[in-house]
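# Analysis of the macromolecular model
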Amino acid sequence: MIKTMVDIVKRAQLLETKKMVVAVANDQHVLEAVHMAHKDDIIHAVLVGDATEIIKLMHQLKMNTEEYEIIDIPDPVLACQASVKLVSQNKADILMKGMVDTSIILHAALDKEFGMRTPNRISHVSVMEIPTYHKLLLMSDGAMNIAPDVEIKQEIIENGVTIAHALGIKMPSVGCIAAVEKVNPKMQATLDAQELIFRNQNDRIKNCIIGGPFAMDNAINKQAAILKGVTDPMAGDVDFLLMPQIESGNIFYKSMMFFANAKSASVIAGAKKPIVLTSRADSKESKYYSIALAALVADFQA
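Summarised in this report is the structure supplied together with it. (Residues numbered from 1 in each chain as written. Predicted model: local features only at pLDDT ≥ 70, side-chain atom pairs only at ≥ 80, totals over all residues. Heavy atoms only, no water.)

Moving on, we get to the overall build of the protein. Scanning the protein from terminus to terminus reveals 11 helices and 11 strands. Taking 19 Å as the expected radius of gyration for a compact globule of 302 residues, we find that the protein reaches 19 Å, a close match to that expectation. A principal-axis box enclosing the C-alpha atoms of the protein has dimensions of 60 × 40 × 30 Å. Looking at the protein residue by residue over its 302 residues, the buried ones come to 54%. (Helix = DSSP H or I, 4+ residues; strand = E, 2+ residues; numbered from the N terminus. Rg over C-alpha atoms; globule rule 2.2 N^0.38 Å. Buried < 20%, exposed > 50% of the residue type's maximum accessible area, 1.4 Å probe, protein only.)

For the pair helix α6 (residues 150–166) and helix α7 (residues 188–201), the least separation of the axes is 10 Å and the interaxial angle reads 60 degrees. On the basis of their axis angle, the class for α6 and α7 is oblique. Seen from above, α6 lies across α7 with right-handed handedness. Contacts from Val150, Glu151, Lys153, Gln154 and Ile157 in α6 reach Ala189, Asp192, Glu195, Leu196 and Arg199 in α7. (Axes fitted to C-alpha atoms, helices over the stretch in contact; angles between N-to-C directions. Parallel < 35°, antiparallel > 145°, perpendicular 65-115°, else oblique. Left-handed = near helix turned anticlockwise from the far one by under 90°. Contact = heavy atoms within 4.5 Å.)

Take α7 next. Taking 1.5 Å of rise per residue, 14 residues should cover 20 Å, and α7 covers 20 Å from first to last C-alpha, within 8% of that figure. Within α7, the full set of buried residues consists of Ala189, Thr190, Asp192, Ala193, Leu196, Ile197, Arg199 and Asn200. Against the buried residues of α7 lie α6, β7 (173–177), β8 (209–214) and β9 (240–242). A positive phi of about 60 degrees marks Asp203, the residue just after α7. (Expected span 1.5 Å × (residues − 1).)

Another point: the pattern of salt bridges. Using the criterion set out here, one finds eight salt bridges in the structure. When the shortest N-O distance is used, the salt bridge between Asp192 and Lys153 registers 2.9 Å. One end of the pair, Asp192, is in helix α7; the other, Lys153, is in helix α6, and 39 residues separate them in sequence. With a relative accessible area of 6%, Asp192 lands in the buried category. A residue is classified by how much of its surface remains accessible, and Lys153, at 4% relative accessible area, is buried. The partner of Arg199 in a salt bridge is Glu195, with the nearest N and O atoms 2.8 Å apart. Of this pair, Arg199 and Glu195 are both found in helix α7, four residues apart, which corresponds to roughly one turn of the helix. On the basis of relative accessibility, which here comes to 4%, the residue Arg199 falls in the buried class. (Salt bridge = Lys/Arg side-chain N within 4 Å of Asp/Glu carboxyl O.)

Our next topic: the environment of Met58. Tracing the backbone shows Met58 in helix α3 (residues 51–60). For Met58, a relative accessible area of 0% translates into the label buried. Put simply, Met58 and Glu32 are 26 residues apart on the chain and 8.7 Å apart in space, counted from C-alpha to C-alpha. Once residues within four sequence positions are removed from consideration, Met58 is found in contact with Leu31, Leu47, Met63, Asn64, Thr65, Tyr68 and Ile70.

It is worth spelling out the environment of Ala225 at this point. If you trace the backbone, Ala225 turns up in helix α9 (residues 222–227). Between the C-alpha atoms of Ala225 and Phe214, which are 11 residues apart in sequence, the distance is 9.1 Å. Contact partners of Ala225, with chain neighbours within four places excluded, come to Asn218, Val230 and Ala235.

Turning our eyes to something else, we now look at the packing of α6 against helix α11 (residues 284–301). The interhelical angle for the contact between α6 and α11, taken along N-to-C directions, is 95 degrees, at an axis separation of 9 Å. The angle between α6 and α11 places the two elements in the roughly perpendicular class. Contact residues: α6 offers Thr162, Ile163, His165 and Ala166, while α11 offers Leu293, Leu296, Val297, Phe300 and Gln301. In terms of residue class, the contact of α6 with α11 is built from six nonpolar, three polar and no charged. (Nonpolar A, V, L, I, M, F, W, Y, C, P; charged D, E, K, R; others polar.)

Okay, structure coming up:
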């Protein structure tokens, strides 16, 4: 049973070593995380970008350059395109963002000619180990989809369920988050929750159980749920938080990281292969855990 970030790493180490391409790899924290994952035999890395800068950083980090494949493409746009092509053509299992704007790498990843598109919308999924919560907690979407309607929320749930399954959660509990725990016609998040539950009950959204609407307290705290009379069995015990819009997801994620000392791993789901796309403010440990999570997802989707 995977309950911590260390468990994710241990499971990743048991898998066949994955090949990961880092787009615009001249980033110190990214290379530190890559080095950690390489030493733990989780990944073999292909480093794409300005070779001079990459090698300079590798020497500073005491990385053995002979253990890595380095592709010299100084232009960030071309480096992202080359990286995406390697993964899209099944020459690698994972794509990782380095020192490049998110918009540039996603533009390449979603290119209709050579990208990693699927029929699904892509979404950002984070897995957090929070000291005050009794198990790993997944959440989406705090980084990509700004104001998802109910159709997009369904795809976000489906992407999140894939990540949950890769973690061994066979029937994840998905809690639809809103400001209140009752349906209110003036609050779209509660109406969306009602519709998503209906679709789940009618097998239009499968392999999970959807509940809500939940205010945050009764989604993750059983006592709060009891005090508020919330009778949904998953109240206080959700596996996956569906956020109503990007602001709430982003604020919750960063609050957990900076106020609650959470540990996290994040991937982009919904593409052909997992994409490691972390915040510049994320630690090397978060990037390392994200690589390990991506290895689990790549193995699950293989």
